[in-house]
2 protein chains.
Amino acid sequence: MAVGLTEAEKILPVAGVKLAAVTAGIKKSRQPDMVVIAFENTASCAATFTRNAFCAAPVTLAKENLSKTGDKGIRALLINSGNANAGTGSKGMDNARQSCQWLADELQCSPEQILPFSTGVIGEQLPMDAMLSGIKQISQNLSADNWLAAARGIMTTDTLYKAVSKTISIDDRVITISGIAKGSGMICPNMATMLAFITTDASVEHEFLQQCLSAAVEKSFNSITVDGDTSTNDACVLIASGEAGNTVLDNNSAQAAVFVDALHDVCQYLAQAIIRDGEGATKFVTVTVAQAAAEAEARQVAYTIAHSPLVKTALFASDPNWGRILAAVGRAGVQQLDISGVNLFLDDVCIVRNGGVDADYTEDRGQRVMDRSEITITVELGRGDESATVWTSDLSHEYVRINAEYRS
Amino acid sequence: MAVGLTEAEKILPVAGVKLAAVTAGIKKSRQPDMVVIAFENTASCAATFTRNAFCAAPVTLAKENLSKTGDKGIRALLINSGNANAGTGSKGMDNARQSCQWLADELQCSPEQILPFSTGVIGEQLPMDAMLSGIKQISQNLSADNWLAAARGIMTTDTLYKAVSKTISIDDRVITISGIAKGSGMICPNMATMLAFITTDASVEHEFLQQCLSAAVEKSFNSITVDGDTSTNDACVLIASGEAGNTVLDNNSAQAAVFVDALHDVCQYLAQAIIRDGEGATKFVTVTVAQAAAEAEARQVAYTIAHSPLVKTALFASDPNWGRILAAVGRAGVQQLDISGVNLFLDDVCIVRNGGVDADYTEDRGQRVMDRSEITITVELGRGDESATVWTSDLSHEYVRINAEYRS
């Protein structure tokens, strides 16, 4: 059902990075549900986490371990799918700590060198027997070539795995960036039920790495929405092993932009893949709001459109019911919006010009765009030069079915 | 499918008020689609309108006519269903004006004494042949006993009509308040696709009448949501004929509270009826947020819960997946929320106490509440004494079907 998304056939290994995936028995489906990404040598680690006040135990512990260990000492990411370990109180924290301890024993490091991540049902305790059994198996299976297995192992309601690689050349050395992500519902800005793990063999100065990740996340994972819900567990981690041997990249490096662009491409691919595989998605929709007085205003209007159940059901029905888009623009809270300055386009078809139906618009022309599986909605507000783009999916029967039946 | 809603069998006539409903031919279904509510003598008229910047032509004209005519000269409300006359530009304004002129000709008054209202599809011009034919028939059919026909005539996706009467005694005179409303989707605060017409024979001073209506709307029509969408057309009008002969009610009247309470009851019944008949609704859900630092904070959290597609699909599935409610609380934007002060109840069952699962909670107890068709979600934030309540419905397959097929 995913819109315009195919699974990558090969992901490039990243020097210094090994992965493993096993079936620990957390998911009832007996699908792979535990992944470890291990590092021989971490040169630098950057991360962004959910802003949900009810953040899950693993999020709290990952932040704590990262601050204790510093960005150079991280030895492994321990990820389980099938259970989010969220809303689980102090027992949930104990369980997350115990899991890190078990993996630390296997890898012969300290538990603070492990960052834990969980995704799945909220409010149930981690099945610790399964966690232990998975951790016991997993350290035996680490390999540089296990990217695709890892991409599969972190899935929950995803129908396809999301993985991408990119190479660039810096200092005449080939630099690889490889990443995986999961998420298809509860996707909204500020890190939704979304996990993304990106590694590179580049050598990158820590502050610059964090700056690159934050900027890339803002224009990718924080610019997508399936349903407006922001989860308790989301995280995006970027680890640089430094094995490529390039001169350390920082803000002043001549070739910093090459790395920034490549990282942005990787994040955007993974973020869009999440939307293409959005729960029940039949459309991949780009919403661009231009001519806004401020970027925040443009984002606010774009998100109001992207979150509107009426717009989303019209997209599902391939119905050019553009009045619903205008109604969303009108209620987006823009102060003193002059509707006579508003233009609306579906792909290249102008529907509304200066607040009224365009003279050349016909329902047939709107219908031809709506019949496509990938659609761009462009709104011009006529108030300034700022713009923003978000990506979303439609609201289908399948979305309701998936989310009504998720725990059954 | 409406939850706990039955159609009133009788609505009390209001002295000085006559109504008519006809099939003008605006709806393809050939159901009644035009209603007139006429007044022999308007003592006072109060109104609230949508805050959507793209407000429809009839909204603009109704405001204009009301300001020109003043609150005492309104002779009739002209309401059509099936077409919202929204997003229709200057031609839409011309059509609204022409429609008022035609009815004014029939009623031998000035067109500024007519307030027009439209509800239905956005972005299509009013079928003026049908409008004229309806208006020609309708003035012949005015009767004090046509409340139920009028309630039917304003319906769009409603499955049941919404109408209510209440009597109170003031100055030893029986005062009647009777009202009708329509709306079942695109329902959100700030007047959604919601029309409500309420009349009373009480004699009420104008400013006080507006104040009563605004207060009642805030706690009723502006405290409900089906899908977070606010329409271009919504309006609530309250007309007092003054025929009951009581001493004019104002802010200082000893019996003002009796009128205020009765009006609040009427508005709350109609607002809740809209939610009970929410598009595809299988649950009627009351969301109360208490112990907030401010009422606005309480409303913000309540609406975040009520708008969450994940909460709404869990309600549809009767799944006590309370983690989704906590996640909504956590992302509602409350500054420095201390989650250890948060309690969560489903009806009288405590699920979360002090941010963690309550010791006595079992899935069975949660399930018993979720199996009910009427459910109250109560969240205590532990931050103060303010509270707010909103009403909502669940998100079902039927919601998607209705909104995907609406124009087909």
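Draft legend 1. Inspection of the overall build of chain A at higher detail. Helix and strand counts for chain A come out as 11 helices and 16 strands. Over its C-alpha trace chain A gives a radius of gyration of 22 Å, about what one expects of a compact globule, namely 22 Å for 408 residues. When the backbone C-alpha atoms are referred to their principal axes, chain A occupies close to 70 × 55 × 40 Å. Relative to its 408 residues, chain A shows a buried fraction of 61%. Once local pairs closer than 6 in sequence are excluded, the contacts in chain A between residues at least 24 apart make up 81%.

Draft legend 2. Region of interest: the nonpolar core. Within the largest apolar cluster, 292 residues are counted, with the highest numbers of intra-cluster contacts made by Val36 and Val301 of chain A together with Val36 and Val301 of chain B. Take this core: its biggest share by element is 11 residues, from helix H6 (residues 256-276) of chain B. Each residue touching Val301 of chain A, except ones within four places of it in the same chain, is listed here: Val289, Ala292, Val329, Ala332, Val334, Val379 and Leu381 of chain A.

Draft legend 3. Main features of the relation of the copies chain A and chain B. The two copies are related by a screw motion: chain A maps onto chain B through a turn of 180° and a shift of 0.0 Å along the axis, at an RMSD of 0.0 Å. Overall, the copies show the geometry of a two-fold rotation axis. Looking at the rotation axis and the C-alpha trace of chain A, the residue lying nearest is His397 of chain A, at 2.8 Å. Mapped onto chain B, 100% of the interface residues of chain A again fall at the interface, so both copies present the same surface.

Draft legend 4. Local environment of the packing of helix H5 (residues 206-218) of chain B against H6 of chain B. Residue and element names in this part refer to chain B. Running from amino to carboxyl end, H5 crosses H6 at an angle of 40°, the nearest separation of the two axes being 9 Å. By the criterion of interaxial angle, the relationship of H5 to H6 is oblique. Considering the relative orientation of H5 and H6, their crossing is right-handed. Contacts between H5 and H6 involve Cys212, Ala216 and Val217 from the former and Phe259, Val260, Leu263, His264 and Cys267 from the latter. For the contact of H5 with H6, the residue count by class is 7 nonpolar, 1 polar and no charged.

Draft legend 5. Broad picture of the domain arrangement of chain A. Residues and elements named next belong to chain A. The domain boundaries assigned to chain A delineate domain 1 (17-276) and domain 2 (284-405). Elements that contribute at least two residues to the side of domain 1 that touches domain 2 include exactly strand S9 (224-225) and helix H6 (256-276). No other element matches the 3 residues that H6 contributes to the side of domain 1 that touches domain 2. Classifying every residue of the side of domain 1 that touches domain 2 by side-chain character gives 3 nonpolar, 6 polar and 1 charged.

Draft legend 6. Structural detail: the interface of chain A and chain B. Contacts between the two partners involve 44 residues from chain A and, on the opposite side, 44 residues from chain B. Elements that contribute at least two residues to the side of chain A that touches chain B include exactly helix H8 (309-316), helix H9 (323-330), strand S14 (356-357) and helix H11 (397-405) of chain A. Among the elements that line the side of chain A that touches chain B, the one with the most residues is H9 of chain A, at 6 residues. Class assignment of the residues belonging to the side of chain A that touches chain B gives a composition of 20 nonpolar, 17 polar and 7 charged.

Draft legend 7. Spotlight on the sheet that holds strand S13 (residues 349-353) of chain A. Residue and element names in this part refer to chain A. Here 7 strands make up an open sheet; going across it, the order is S9-S16-S11-S15-S12-S13-S14 and the pairing mixed. Sheet topology places S9 and S14 at the edges, where each strand pairs with a single neighbour. Bridge analysis of S9 against strand S16 (residues 386-393) gives 2 bridges, and the strand direction is parallel. Residue Ile224 lies in a different strand from S16, and its bridge partner there is Trp391. Here H6 sits on the sheet and contacts S9, strand S11 (284-292) and S16; the angle it forms with S16, its principal contact strand, is near 45°.

Draft legend 8. Broad picture of the sheet that holds strand S8 (residues 195-200) of chain B. All names here are of chain B. Across the sheet, 5 strands lie side by side as S3-S10-S8-S7-S6; this open sheet has mixed pairing. On the outer flanks of this sheet lie strand S3 (44-49) and strand S6 (162-170), each paired with one strand and no other. This sheet shows a mean twist of 10° between the axes of neighbouring strands, independent of strand direction. Here S8 runs beside strand S10 (residues 235-240); their pairing, made up of 6 bridges, is parallel. Within S10, the residue paired with Ile198 across the bridge is Leu238. The strands touched by helix H1 (residues 57-69) are S3 and S10; relative to S3, the strand with the most contacts, the crossing angle is about 150°.

Draft legend 9. Highlighting the confidence of the model for chain A. Residue and element names in this part refer to chain A. Summarising the model, chain A shows a mean pLDDT of 91, and 95% of its residues fall at 70 or more. Confidence over residues 187-192 falls short of pLDDT 50; this stretch has 35 contacts with residues more than four positions distant or in other chains. Interface confidence in the predicted complex, given as ipTM, is 0.72; pTM for the same model is 0.81.

Draft legend 10. Local environment of the environment of Ser203 of chain A. Residue and element names in this part refer to chain A. Here Ser203 is to be found in the loop between strand S8 (195-200) and helix H5 (206-218). Classification of Ser203 as buried rests on a count of 23 C-beta atoms within 10 Å. Along the primary structure Ser203 and Val260 are separated by 57 residues, whereas in three dimensions their C-alpha atoms are 13 Å apart. Setting aside its immediate chain neighbours within four residues, Ser203 contacts Ala43, Ala240, Gly242, Ala244, Asn246, Val248 and Leu249.

Reading the values: rules and limits
- Residues numbered from 1 in each chain as written.
- Chains lettered and ligands numbered in written order.
- Predicted model: local features only at pLDDT ≥ 70, side-chain atom pairs only at ≥ 80, totals over all residues.
- Helix = DSSP H or I, 4+ residues; strand = E, 2+ residues; numbered from the N terminus.
- Rg over C-alpha atoms; globule rule 2.2 N^0.38 Å.
- Buried ≥ 20, exposed ≤ 12 C-beta atoms within 10 Å, placed from the backbone.
- Contact = placed C-beta atoms within 7 Å.
- Core = buried A, V, L, I, M, F, W, Y, C linked by C-beta atoms within 7 Å.
- Least-squares fit on C-alpha atoms with pLDDT ≥ 70 in both.
- Axes fitted to C-alpha atoms, helices over the stretch in contact; angles between N-to-C directions.
- Parallel < 35°, antiparallel > 145°, perpendicular 65-115°, else oblique.
- Left-handed = near helix turned anticlockwise from the far one by under 90°.
- Nonpolar A, V, L, I, M, F, W, Y, C, P; charged D, E, K, R; others polar.
- Domains from an automatic or database assignment.
- Pairing = 2+ DSSP bridges.
- pLDDT = per-residue confidence, 0-100.

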